[in-house]
Amino acid sequence: MSFLVSRAQSEPKAEPYWSNTKVMELKVKVYDETNKRFIEDAEVSVNSFITTKSDSQGIYRVKGRVHDELVVRHPDFDTVYHVIDSDKDIKVVIKKITKTKKSFFASAKKRESNYTQLIDSAKFYQYKDIDKSLSFIENLLESEQSKQRHANTYKVLADIYLHWKQYDIAISNYRISLRINEKVETLLQLAKAQYLAKEYDDSEETYNDLKTKSLSSYERVQVFQGLADVFLSKKEFEKAKNNYEKGLEIAEEKSIKEEIPDLNAKIANIYAKEGNLSKANTAINKTLEQASELDEEPSLKVQQEVADFYNETEQYDNEIKLRKEILENVDKNARNNVKRKKESIKTEEDEIEEPKDSLTSQKMNYKIGNAYVLKENYDEAINYLEKSIKEADKKEDFEVKKHATRKLSEVYATVGSYVKALRTYRDFVEVVDTLYLKKEQEIYQIQRLSKKIAENQSRIAILEKDKELSESKLSVAYKDKELTVERNIRQQIIIYSLLLGLVLMSLLSYYSHRANQKQKLANNLLALKSMRSQMNPHFIFNALNSVNSFIAVNDERNANRYLSEFSVLMRSVLENSDEDFIPFTKEIELLELYVKLEHNRFQDKFEYKIDVDESIDLDDYKIPPMLLQPYIENAIWHGLRYKKEKGNLSISIQNETAESIKIVIQDNGIGRKKSMEMKTKNQLKQKSKGMSTIKNRIAILNDMYQDKVAVQISDVLEDGSGTKVEVTLKK
């Protein structure tokens, strides 16, 4: 492939860069010399400005400045880079277009689909309906495509999964696309997906690989910024700052204005983390000046980052002033949106989007109120928190309403309005209940979506395998035709039929075995996920009963303290809920917090002791999350709680062998037999889901990881009192 960039008119000598930095509208034509036509479905971009459609005359209209880099991309030819040197029209001439190779009996196959139409449809539904979007991808994979188009199809497929936060599947499809045909834009997306999946080392490696490629100035800025984000997540602040500064240097040199404020804001945050507030404030003031030159939406985004910086560095006056300005613009945009909705018919293709993320009036009011709380200006804080609650209630933003209601209750308590504080706290509890029900619905929807995604990905994988087999058949048939001159046609058919049959049988046997193995693994993983999802509601229900008991006796202080500590515990439990194994140190932290919470409630029932052998290297061990908690819960609730005198709970962790440790949970409670006798008829009808779920989890994990966990339960004394649980865990 070769290309030529020319001018549609005779060109005068290019003006110097510093004499023409204004934004211009440029007309670009992309001409296919092979087929003598203009290409109408290329992607033409200048920095972050991208267009993918030309007008009826084949003209793409883009915005840029002199010395900006124009980039033209298309699945059928290599990416073209061109530096803009004047305001004249640009014509990109492509000398060689890659065509799809057709075999001698390709006409017997079904008619080839319109690639451009299908890929555009997949992109259109990418953000709206994943089922529809993936159905177009399936149609594309069924059709015959060139190598470049085949790679692009997998890139678009990966983009779809990336949007729906299926990062592992996105990464897999980006890698397939790169194996077929390596492109810079695909590598950039792969690095981004790895970063979002928290695979920081892989993301760093991909970004470093990109440094060796031919990149546009804008892509180089993206690489340095992405690499800096990775280092920041790894808390390597000096490396992060160096890469942000390198990206900023390129952005300033090439006048990529939309990236400059964001980079300055990130550098300011690193200065703040290092304690250099003077440099941080200098960078943040420069950021605000630069943001004023941007369009409204990116400008508001940068201002929001600056406001967050003011909050982190305790510059509350500056934060409040800036957030009020942002709030005014957000409210103005909201009024304009309402006006536009009234004046126009809203279609699926032309939706009016609501403000995203933190750029909503309810969240801005909450953040302003929070800043006033930190300043101890409680009257203003109450005013803005009430506004936030009202807006959040109107827009059904229960997450913001929850935080604002809790904060308002705390403010009322601080200023001595205890009746209002109690009333607001009750409102907070109602919001939490509503939010909990909503989260349950979201979890159910996510499970349904995950199932749909798995089914679609399975169909796509089958299509790809079918296509590989079809291509294999075509290749064999093509060779067979070439050899018909030298060999007997009948012998050729017999020989190649036998070979093909053998290959197909081998492939069928191989894929069948691999599919069975994958299905077994998938079933195990699904079972584990289902069991973990059963454990969390069971655990939450018991914990909320504890909170309810405090509220029932009007022990508001203990209820508040319990809720605060419970929220820390729940955050950790939910963060680990999708993992098969977590570091053993995390499990110990969760156990310590859980036992502390239960001890606060039953102080008159038991004392506890957690003993960890210091010679154990805990970093060598991992444990299934929530494995030990049900045993401790049983010890407290069914053993020690019914003991007349004060009991003892002992948790010890000791070396057993060089490759394993033993965790012993022992209590001197009433024992399992007596606890069973004391249960009501209703309780006896219900099986202990917690213990049965633990047994099933251990059985599946031991099947997958070769007897990693062993559990033994016994009575401590001969009369049946006391219970000892011994858990053996291998490295």
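Caption draft 1: Representation of the overall build of the protein. Along the backbone of the protein there are 23 helices and 16 strands. Here the protein, with 731 residues, has 43% of them falling under the buried criterion. Contacts in the protein between residues at least 24 apart in sequence constitute 66% of all its contacts with a sequence separation of at least 6. A total accessible area of about 40800 Å² is found for the protein, and carbon and sulfur atoms account for 49% of it.

Caption draft 2: Looking closely at unusual backbone geometry. One non-glycine residue, Lys235, lies in positive phi territory at about 60°. Along the polypeptide, Lys235 turns up in the loop between helix H7 (217-233) and helix H8 (237-253). Its identity is not glycine, yet Ser255 carries a phi of approximately 55°, on the positive side. The topology assignment puts Ser255 in the loop between H8 and helix H9 (260-273). What makes Ser255 buried here is its relative accessible area of 9%.

Caption draft 3: Representation of the environment of Asp262. Mapping Asp262 onto the fold places it in helix H9. Distance from Asp262 to Gln303, taken between C-alpha atoms, is 9.5 Å for residues 41 residues apart in sequence. Filtering out sequence-adjacent residues up to four positions away, Asp262 remains in contact with Gln225, Lys301, Val302 and Glu305.

Caption draft 4: Examining the confidence of the model for the protein more closely. Looking at the protein as a whole, the pLDDT averages 77, with 77% of positions reaching at least 70. Confidence drops under a pLDDT of 50 for residues 6-20, and excluding neighbours within four residues, the segment shows 24 contacts in the predicted structure. Below a pLDDT of 50 lies the segment residues 339-356, which in the model reaches 15 contacts outside its immediate sequence neighbourhood of four places, other chains included.

Caption draft 5: The packing of aromatic side chains, seen in detail. As enumerated under the stated definition, the model contains eight aromatic pairs in all. Arranged with centres 6.1 Å apart and planes meeting at 15°, the rings of Tyr125 and Phe136 form a pair that is stacked. Taken as a pair, Tyr125 in the loop between helix H1 (115-124) and helix H2 (130-142) and Phe136 in helix H2 lie far apart in primary sequence, 11 residues in all. Taken together, the ring pairs connect Phe124, Tyr125 and Phe136 into an aromatic cluster. Across from the ring centre of Tyr384, 4.8 Å away, lies the NZ or CZ of Lys387, which sits over that ring.

Caption draft 6: The packing of helix H5 (residues 184-196) against helix H6 (residues 200-210), seen in detail. At their nearest, the axes of H5 and H6 sit 8 Å apart, and the two run at 160° to each other. Compared by their axis directions, H5 and H6 come out roughly antiparallel. In terms of crossing hand, the pair formed by H5 and H6 is left-handed. Only Tyr200, Asp202, Ser203, Thr206, Tyr207, Asp209 and Leu210 of H6 make contact with H5, whose side of the interface consists of Val184, Leu187, Leu188, Leu190, Ala191, Lys192, Gln194 and Tyr195. Residue composition of the contact of H5 with H6, grouped by class: nine nonpolar, three polar and three charged.

Caption draft 7: Representation of the pairing of strand S9 (residues 90-94) within the structure. Counting buried positions along S9 yields four of five residues, so the element is predominantly enclosed. Where strand S2 (residues 24-32) and S9 come together, five bridges link them in parallel fashion. The partner of Asp32 across the bridge, within S9, is Ile94.

Caption draft 8: Structural context of the sheet that holds strand S15 (residues 709-715). A sheet is described by the order of its strands in space; here five strands give the open sequence S11-S13-S14-S16-S15, paired in mixed fashion. A strand with exactly one partner marks an edge of an open sheet, and here the two such strands are strand S11 (606-612) and S15. Across the sheet, the mean angle from the axis of one strand to that of its neighbour is 15°, orientation sign disregarded. Sheet topology places S15 next to strand S16 (residues 723-730); seven bridges connect them, and they run antiparallel. Bridge pairing in S16 places Ala710 opposite Thr728.

Caption draft 9: Local environment of the nonpolar core. Counting 85 residues, the largest nonpolar core has Ile137, Tyr207 and Leu210 as its most contacted members. Looking at this core element by element, the count peaks at eight residues for H7. Grouped together as the second largest cluster of nonpolar side chains are 42 residues, Leu569, Leu597, Ile663 and Val727 included.

Caption draft 10: Structural context of the pattern of salt bridges. Throughout the structure, instances matching the rule amount to 25 salt bridges. In this structure, Lys731 engages Asp620 in a salt bridge whose closest nitrogen and oxygen atoms are separated by 3.6 Å. With Lys731 in the segment after S16 and Asp620 in the loop between S11 and strand S12 (622-623), this residue pair connects regions lying 111 residues apart in the sequence. Judged by its relative accessible area of 43%, Lys731 is partly exposed.

Caption draft 11: A look at the sheet that holds strand S4 (residues 43-46). Read across the sheet, four strands follow the order S5-S4-S7-S8 without closing on themselves; strand pairing throughout is antiparallel. In the strand order of this sheet, the two ends are held by strand S5 (49-51) and strand S8 (77-83), each with one partner. Neighbour to neighbour, the strand axes of the sheet diverge by 15° on average, direction disregarded. Both S4 and strand S7 (residues 69-74) contribute to a ladder of four bridges, which runs antiparallel. Within S7, the residue paired with Val44 across the bridge is Val72.

Caption draft 12: Structural view of the side chain of Asn370. Note on placement: Asn370 falls in helix H13 (residues 361-374). Of note is the side chain of Asn370, whose polar atom sits 3.3 Å from the side chain of Lys407. What Asn370 contacts, discounting residues up to four positions off in sequence, is Asn311 and Lys407.

Caption draft 13: Spatial organisation of the packing of helix H14 (residues 378-394) against helix H15 (residues 398-414). Two numbers describe how H14 lies on H15: the axes approach to 9 Å, and their chain directions differ by 155°. Here H15 runs roughly antiparallel to H14, going by the angle between their axes. Handedness of the crossing formed by H14 with H15: left-handed. From H14, Tyr378, Ile382, Leu385, Glu386, Ser388, Ile389, Ala392 and Asp393 reach across to H15, where they touch Val400, Lys401, Ala404, Thr405, Lys407, Leu408, Val411, Tyr412 and Thr414.

Caption draft 14: Highlighting the side chain of Thr424. On the secondary structure map, Thr424 appears in helix H16 (residues 418-482). Those residues in contact with Thr424 that sit more than four places away from it in its chain are Thr405, Leu408, Ser409 and Tyr412.

Caption draft 15: Layout of H14. Helix length check: H14, at 17 residues, gives a terminal C-alpha distance of 24 Å against a target of 24 Å (1.5 Å per residue), a fit within 8%. Immediately downstream of H14, the backbone of Glu396 shows phi near 55°, a positive value.

Caption draft 16: The arrangement of H13 in detail. Taking 1.5 Å per residue, 14 residues should reach 20 Å; H13 reaches 20 Å between its end C-alpha atoms and fits that length. The buried fraction of H13 amounts to 12 of the 14 residues, a majority that puts the element mostly inside the structure. Regarding H13, the residues found buried are Ser361, Gln362, Met364, Asn365, Tyr366, Lys367, Ile368, Gly369, Asn370, Ala371, Tyr372 and Val373. Just past H13, the residue Glu376 takes up positive phi, approximately 65°.

Quick notes on the rules
- Residues numbered from 1 in each chain as written.
- Predicted model: local features only at pLDDT ≥ 70, side-chain atom pairs only at ≥ 80, totals over all residues.
- Heavy atoms only, no water.
- Helix = DSSP H or I, 4+ residues; strand = E, 2+ residues; numbered from the N terminus.
- Buried < 20%, exposed > 50% of the residue type's maximum accessible area, 1.4 Å probe, protein only.
- Contact = heavy atoms within 4.5 Å.
- Areas by Shrake-Rupley, 256 points an atom, 1.4 Å probe, with all protein chains shown as cover.
- pLDDT = per-residue confidence, 0-100.
- Phe/Tyr/Trp six-rings, centres within 6.5 Å; stacked < 30°, edge-to-face > 60°.
- Lys NZ or Arg CZ within 6 Å of the ring centre and 35° of its normal.
- Axes fitted to C-alpha atoms, helices over the stretch in contact; angles between N-to-C directions.
- Parallel < 35°, antiparallel > 145°, perpendicular 65-115°, else oblique.
- Left-handed = near helix turned anticlockwise from the far one by under 90°.
- Nonpolar A, V, L, I, M, F, W, Y, C, P; charged D, E, K, R; others polar.
- Pairing = 2+ DSSP bridges.
- Core = buried A, V, L, I, M, F, W, Y, C linked by side-chain atoms within 4.5 Å.
- Salt bridge = Lys/Arg side-chain N within 4 Å of Asp/Glu carboxyl O.
- Polar contact = N/O pair within 3.5 Å; in protein donor to acceptor, adjacent residues only side chain to side chain.
- Expected span 1.5 Å × (residues − 1).

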